[in-house]
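# Structure assessment
Spelled out from the first residue to the last, the chains are:
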Amino acid sequence: MSQHNDELRRDNQELRRQIDETQRRLAGLESELRVHRSQATPNAALPNTVVPVFTGLEFGRYSGPVDTDHDGIDDEVRLYLKPTDQLGRMLVVAGRAKVQLIEVAGEEPTVLAERIWEPAEWDTAYRSGFTGDYYALTLPLPSRIETAGTRTLTVYAELTEASIGTVQRQQAGYPWQR
């Protein structure tokens, strides 16, 4: 019976992954369509060309709180942001990024930190290496915390693309050791 439940859980996770992927692709295609409709003249020089368009924003695999001084308490958040095109590929984008670190404890969410990377700062955050291409951003976590333990930290990121002002948003929850 437990083996059957494990198989059902795996199937459920796979279906959820497929739904998320389909929704991401659909959102990308909708965004691409809006951009193409907003352009005054189509590209007549190379017909049937798919031009990459900024349609998504993803957190890289190793994004989240980090204990930099190894004292058992997370003291900064590292984000590896990946702007993506309509096909889900990493796309180099000029723009402005805004990141908020939010804790929901009790009834009201609390913004613990917020930062805006202006276009020049965003550009210098770009990295390319054997792990791929991404934009590396860090924010310090508050050092004075009333309660210890593990809580959930919500990270909200917003990227405004410079040329036509397309805005993409993403958020994720991470365990936070305080």
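This text follows the structure it describes.
For the structure given in this document, a descriptive report is provided here. Numbers given for residues are sequential positions, taken from 1 along each chain in its written order. It should be noted that, the model being predicted, local features are given only for residues of pLDDT at least 70 and side-chain atom pairs only at 80 or more, the latter also being counted only at that level, while totals for whole chains, interfaces and linings use all residues. No hydrogens and no water enter the side-chain calculation; it runs on all heavy atoms of the structure.

## Remarks on the pattern of salt bridges
- We count a salt bridge whenever a side-chain nitrogen from Lys or Arg sits within 4 Å of a carboxyl oxygen from Asp or Glu. For the coordinates displayed, the defined rule picks out 8 salt bridges.
- For the salt bridge of Arg 89 with Asp 85, the shortest nitrogen-to-oxygen distance reads 2.6 Å.
- Residue Glu 118 is joined to Arg 96 by a salt bridge in which the shortest nitrogen-to-oxygen separation is 2.9 Å. Within this pair, whereas Glu 118 is found in the loop between β5 (109–117) and α2 (119–124), its partner Arg 96 is found in strand β4 (residues 95–104), the two being separated by 22 residues in sequence.
- Each of Glu 21, Arg 24 and Glu 58 takes part in a single network of salt bridges with overlapping partners. For helices the rule is a DSSP run of H or I covering at least 4 residues; for strands it is a run of E covering at least 2, with both sets numbered from the N terminus onward.

## What about the pairing of β5?
- In short, DSSP must find at least two bridges between two strands for them to pair. The pairing of β4 with β5 spans 8 bridges and is antiparallel. Each residue of the ladder has a partner; that of Glu 103, found in β5, is Thr 110.
- From the end of β4 to the start of β5, which pair antiparallel, there are 4 residues, and Gly 106 there has a positive phi angle of about 90°.

## A few points about the environment of Tyr 134
- Note on placement: Tyr 134 falls in strand β7 (residues 132–140).
- Each residue gets one of three labels from its accessible area relative to the maximum for its type: buried under 20%, exposed over 50%, partly exposed in between, using a 1.4 Å probe on protein chains only. Taking the relative accessible area as the measure of exposure, Tyr 134 reaches 18% and is therefore buried.
- Here a residue-residue contact requires only that any non-hydrogen atoms of the pair lie within 4.5 Å. Once you skip the residues sitting within four places of it in the chain, Tyr 134 turns out to touch Tyr 80, Leu 81, Lys 82, Met 90, Ala 125, Tyr 126 and Arg 127.

## A look at the nonpolar core
- Among the nonpolar cores identified, the biggest contains 25 residues, and Leu 81, Val 99, Leu 101, Trp 122, Leu 137 and Val 155 are the most heavily contacted of them.
- Here the element with the most residues in this core is strand β8 (residues 150–161); it accounts for 4 residues. To define a nonpolar core, start from buried Ala, Val, Leu, Ile, Met, Phe, Trp, Tyr and Cys residues and group those joined through side-chain atoms within 4.5 Å.

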